[in-house]
Amino acid sequence: FGAFSSEDMDGDEEGLLNDVEVNGSWTPQEKALHEARLKAKAKRRVRRTSSRDSTRESLSDNGADLGGDPTSPKGKTNAGDRKSRMGKGRGLPKKGGAGGKGVWGAAGMVYEMEEPDAKDPNYDESSQGDTVYATVTPELDERELEKTVSPIVQEYFEHGDTKEVQMLLEGLNLGHNKYAVSSLAVSLSLEGKASHRELTSRLLSDMVGKVLTEKDMARAFDKMLADLPDLILDTPEAPQMLGQFIARAIADHALPMGFLDCYKGKVDCDHARAALDRAAVLLSMKTKMVRLDNVWGVGGGLRPVKHLIKEMNLLLKEYLISGEVSEAERCLRDLEVPHFHHELVYEAVVMVLESKGESAISMMVKLLKAFWETGLITLDQMNRGFQRVYDELPEINLDVPHAHTIMESFVDLCYQESVITKQLRDACPSSRGRKRFVSEGDGGTIKQ
């Protein structure tokens, strides 16, 4: 037997299969066997003719020989091929042949200076030059302004320093709602004391030209005149008080001089008309337009001591005539001098010693008891008032001979009504402890 190559054997088998096909039709098994042999033959030819340097050329040649069989590996697209696989375009390499991922780009390409990206992991803030930081304060709306400014005004009523209020307001971004600061301060003072209204007038005068302008102030009072129907629900005296605020602001040059003239014949609201009339009357009383410093009265500790003593004496005398404890309590609170209430106790006790009749004693005990129960007069103020009378009783006795007897009965009655303590009652000087020497005819003995 001779030696046969694989090609000779493949050729003989192919010839035999072709004879079978010519002589008759193939069975399915024969047809499948024929296709498998053709595929194996194609693989052997690829392995035999391929090499590292001629891979692309051999693949294209074998693909052409096989007639572009889609099932053959030679018909698959090369993974290293840079041509478009979509069947579109002119068949040129993508990106012009450069600029792919991880490469520097085409030869001779010059890159322009790019702006640094803050999201870049290699971004260095310090290398970008000097960084300027600016604090941006958001503008307050009407609700936030009321929530922020109300505590400032309430605190101002305690310390009375307008410069501190200006400093706090300058740190806020009031925006176009800054006029509301004036209306808010006035609204809060309407619900407070006379001293609060005096402080508010001073604050409005000091803020003009620094925090607010005259136009802002006029806009604020325009708003308050329009809101008077709502303000009188909480403060029935709001029209008269607002008129006093307007007169004081015009006198302090916080409002334009022609503010009232703008409303002549243009006011339909009765409350607004009453406020404007009140302001016009107050301004007409001052021919030379001096400051209306006493439009709210002199508040609290700013009053002279002699004036406070006079007011307390008048208060007690009116009470002895009318007998109204509530009215006396209101007058004492309006004085706004809780640290000086011991003077009221002193004047009340002295008035009892100088009075005639038992009615004054019982009425003063009733008044002091009411003040004690409401907490208007504290224990310390009560003790100080009585102690001052104890110390001055010898001098009072020169004008009122029976002062010791009256004092003893008054102190005992106050103790029975729980107005004073037992210790304070025992400290009262007693007339029974005073001893005198009798005439020499008695032998110089002390008469018991």
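Residues numbered from 1 in each chain as written. Predicted model: local features only at pLDDT ≥ 70, side-chain atom pairs only at ≥ 80, totals over all residues. Heavy atoms only, no water.

With an unreviewed UniProt entry as reference, the protein is termed Programmed cell death protein 4, source organism Scleropages formosus. Of the comments in the UniProt record for the protein, the one headed Sequence similarities (unreviewed entry) reads "Belongs to the PDCD4 family." Checking UniProt for the protein, the heading Subcellular location (unreviewed entry) contains the comment "Cytoplasm". (UniProt positions renumbered as here; feature names shortened; annotations may be inferred.)

Q: Explanation requested: helix H8 (residues 214-226) in the structure shown.
A: One turn of the α-helix equals 3.6 residues, which is why residues spaced by three or four share an orientation. For H8, with 13 residues, the first-to-last C-alpha span of 18 Å sits near the 18 Å given by 1.5 Å per residue. Along H8, the positions that sit buried rather than exposed are Asp216, Met217, Ala218, Ala220, Phe221, Met224 and Leu225. Next to the buried residues of H8 lie helix H6 (180-190), helix H7 (194-207), helix H9 (228-234), helix H10 (238-251) and helix H11 (270-284). (Helix = DSSP H or I, 4+ residues; strand = E, 2+ residues; numbered from the N terminus. Expected span 1.5 Å × (residues − 1). Buried < 20%, exposed > 50% of the residue type's maximum accessible area, 1.4 Å probe, protein only. Contact = heavy atoms within 4.5 Å.)

Q: Explain helix H13 (residues 325-335) here, please?
A: Those residues of H13 lying buried are Val325, Ala328, Glu329, Leu332 and Leu335. Projected down its long axis, H13 carries its buried residues within an arc of 115°, all on one side. Looking at the packing, one finds that the buried side of H13 touches helix H12 (305-322), helix H14 (341-354) and helix H15 (359-374). Just downstream of H13, Glu336 is the residue with a positive phi angle, here 55°. (Arc of directions from axis to C-beta.)

Q: Help me understand the side chain of Thr200 in this model?
A: Note on placement: Thr200 falls in helix H7. Residue classification places Thr200 among the buried positions, given a relative accessible area of 0%. If we ignore the near neighbours within four places in the chain, the residues touching Thr200 are Tyr156, Phe157, Ala185, Val186, Ser189 and Phe245.

Q: What should I look at first to understand the packing of aromatic side chains in this one?
A: The geometry of an aromatic ring pair is captured by two quantities: the separation of the ring centres and the angle between the planes. As enumerated under the stated definition, the model contains 4 aromatic pairs in all. Centroid distance Phe221 to Phe259: 6.5 Å. Interplanar angle 70°. Geometry classified as edge-to-face. Separated by 38 residues along the polypeptide, Phe221 in helix H8 and Phe259 in the loop between H10 and H11 bring together distant segments of the chain. The exposure class assigned to Phe221 is buried, which follows from its relative accessible area of 0%. Classification of Phe259 by relative accessible area gives buried; the value is 4%. (Phe/Tyr/Trp six-rings, centres within 6.5 Å; stacked < 30°, edge-to-face > 60°.)

Q: Before we go on, may I ask you to explain the pattern of salt bridges in this structure?
A: Side-chain pairing between opposite charges can occur once the charged atoms of the two side chains come close. One pass over the structure, following the stated rule, counts 13 salt bridges. When the shortest N-O distance is used, the salt bridge between Lys223 and Asp227 registers 3.0 Å. Arg425 serves as the salt-bridge partner of Asp426, at 3.2 Å between the closest nitrogen and oxygen. Residue Arg425 is classed as partly exposed on the basis of its relative accessible area, which comes to 26%. Three or more residues are tied together by salt bridges with common partners; here these are Glu198, Arg202, Arg248 and Asp252. (Salt bridge = Lys/Arg side-chain N within 4 Å of Asp/Glu carboxyl O.)

Q: In this structure, what is going on with the nonpolar core? I would like to understand it.
A: Counting 52 residues, the largest nonpolar core has Phe221, Leu225, Leu242, Ile246, Leu255 and Phe259 as its most contacted members. Residue assignment for this core shows that the elements contributing at least two residues are helix H4 (142-159), helix H5 (162-170), H6, H7, H8, H9, H10 and H11. Sequence-distant contacts of Phe221, defined by excluding residues within four places in its chain, comprise Leu204, Leu242, Phe245, Ile246, Ala249, Leu255 and Phe259. Core analysis: the second largest hydrophobic core is formed by 45 residues, Leu335, Phe371, Ala403 and Ile420 among them. (Core = buried A, V, L, I, M, F, W, Y, C linked by side-chain atoms within 4.5 Å.)

Q: Help me out: how do you make sense of the packing of H10 against H11 in this one?
A: The relative placement of two packed helices is expressed as an angle between their axes plus a distance between the axes. Packing of H10 against H11 brings their axes to within 7 Å, and their N-to-C directions diverge by 45°. Viewed along their axes, H10 and H11 adopt a mutual orientation that is oblique. Crossing handedness for the pair H10 and H11: right-handed. Of the residues in H11, those in contact with Pro239, Gln240, Leu242, Gly243, Gln244, Ile246, Ala247 and Ile250 of H10 are His271, Ala274, Ala275, Leu276, Arg278, Ala279, Leu282 and Leu283. Looking at the contact of H10 with H11, its residues break down into 11 nonpolar, 4 polar and 1 charged. (Axes fitted to C-alpha atoms, helices over the stretch in contact; angles between N-to-C directions. Parallel < 35°, antiparallel > 145°, perpendicular 65-115°, else oblique. Left-handed = near helix turned anticlockwise from the far one by under 90°. Nonpolar A, V, L, I, M, F, W, Y, C, P; charged D, E, K, R; others polar.)

Q: Looking at this structure, I do not really get the packing of H6 against H7. What am I missing?
A: Taken N-terminus to C-terminus, the directions of H6 and H7 make an angle of 170°; their axes are 9 Å apart at the nearest point. Considered as vectors, H6 and H7 are oriented roughly antiparallel to each other. The way H6 lies across H7 gives a crossing that is left-handed. Seen from H6, the contacting residues are Val181, Ser182, Ala185, Val186, Ser189 and Leu190; seen from H7, they are His196, Arg197, Thr200, Leu204 and Met207. Its residues assigned to classes, the contact of H6 with H7 shows 6 nonpolar, 4 polar and 1 charged.

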